[in-house]
Amino acid sequence: LHTITCQSFGLFLGAVSPNSDTALALFPAVLVLNIIFDGRNISEENTPRLLRWVPKVGLIRWGFEGLSLNEFEDLIFDAGGRHRGPVARTGEEALSRFGLDGKNIATVFRAQLLISAASWVMSYFGLALTRQKFEVMKSEASSKE
């Protein structure tokens, strides 16, 4: 699902861009915003007011949360032997250290579905409003004449 969500967002970037160079120039800026405002580098509480929506639609945030929840839920670690520092004994403990306690996979699934749907709708409107022109393919019969 995360792959489909990222592809749909890439389609949106391409649809609203007048050419491929613009789309390629927009991609790094969008990616950096997703990395910075994923909730790990800058917490949601410290996010500037104008950018509070970015963590809610962050592709990296939802991908990380989904993969972490899928991997660590109901996991039990072997805590025997010598260890340095604190040791997580269960997957839930490890998730709480990442700030993911109380989160569930259904929320991640719903968020990624909404991002995909919104990206597809905005892609349609982006293509309809920019009225991009495409090369018309000629049939083989007309090219022989």
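Located above this text is the structure these notes cover.
Residues numbered from 1 in each chain as written. Predicted model: local features only at pLDDT ≥ 70, side-chain atom pairs only at ≥ 80, totals over all residues. Heavy atoms only, no water.

**A few points about the side chain of Glu-65**
Summarising the element assignment, Glu-65 is placed in helix H3 (residues 59-72). For Glu-65, a relative accessible area of 2% puts it in the buried group. Residues in contact with Glu-65, not counting those within four places in the same chain, are Arg-40, Leu-100, Lys-103 and Val-108. (Helix = DSSP H or I, 4+ residues; strand = E, 2+ residues; numbered from the N terminus. Buried < 20%, exposed > 50% of the residue type's maximum accessible area, 1.4 Å probe, protein only. Contact = heavy atoms within 4.5 Å.)

**Details of the packing of aromatic side chains**
In the structure shown here, the tally under the stated rule is four aromatic pairs. Taking the centre distance of 5.4 Å and the plane angle of 65 degrees together, the rings of Tyr-124 and Phe-125 count as edge-to-face. Lying over the aromatic face of Trp-62, Arg-61 brings its terminal NZ or CZ to 4.2 Å of the ring centre. (Phe/Tyr/Trp six-rings, centres within 6.5 Å; stacked < 30°, edge-to-face > 60°. Lys NZ or Arg CZ within 6 Å of the ring centre and 35° of its normal.)

**Looking at the nonpolar core**
Within the largest apolar cluster, 12 residues are counted, these being Phe-9, Phe-12, Leu-13, Val-30, Leu-59, Trp-62, Leu-69, Leu-95, Leu-100, Val-108, Ala-111 and Ile-115. Going through the elements one at a time, helix H1 (2-16), H3 and helix H5 (105-130) are the ones with two or more residues in this core. (Core = buried A, V, L, I, M, F, W, Y, C linked by side-chain atoms within 4.5 Å.)

**Notes on helix H2 (residues 20-36)**
Between its first and last C-alpha, H2 extends 25 Å over 17 residues, near the 24 Å set by a 1.5 Å rise per residue. By the burial criterion, the buried members of H2 are Ala-23, Val-30 and Asn-34. At its buried positions, H2 is contacted by H1 and H3. Capping the start of H2, Asn-19 holds a side-chain oxygen 3.2 Å from the backbone nitrogen of Asp-21, two or three residues further along. (Expected span 1.5 Å × (residues − 1). Polar contact = N/O pair within 3.5 Å; in protein donor to acceptor, adjacent residues only side chain to side chain.)

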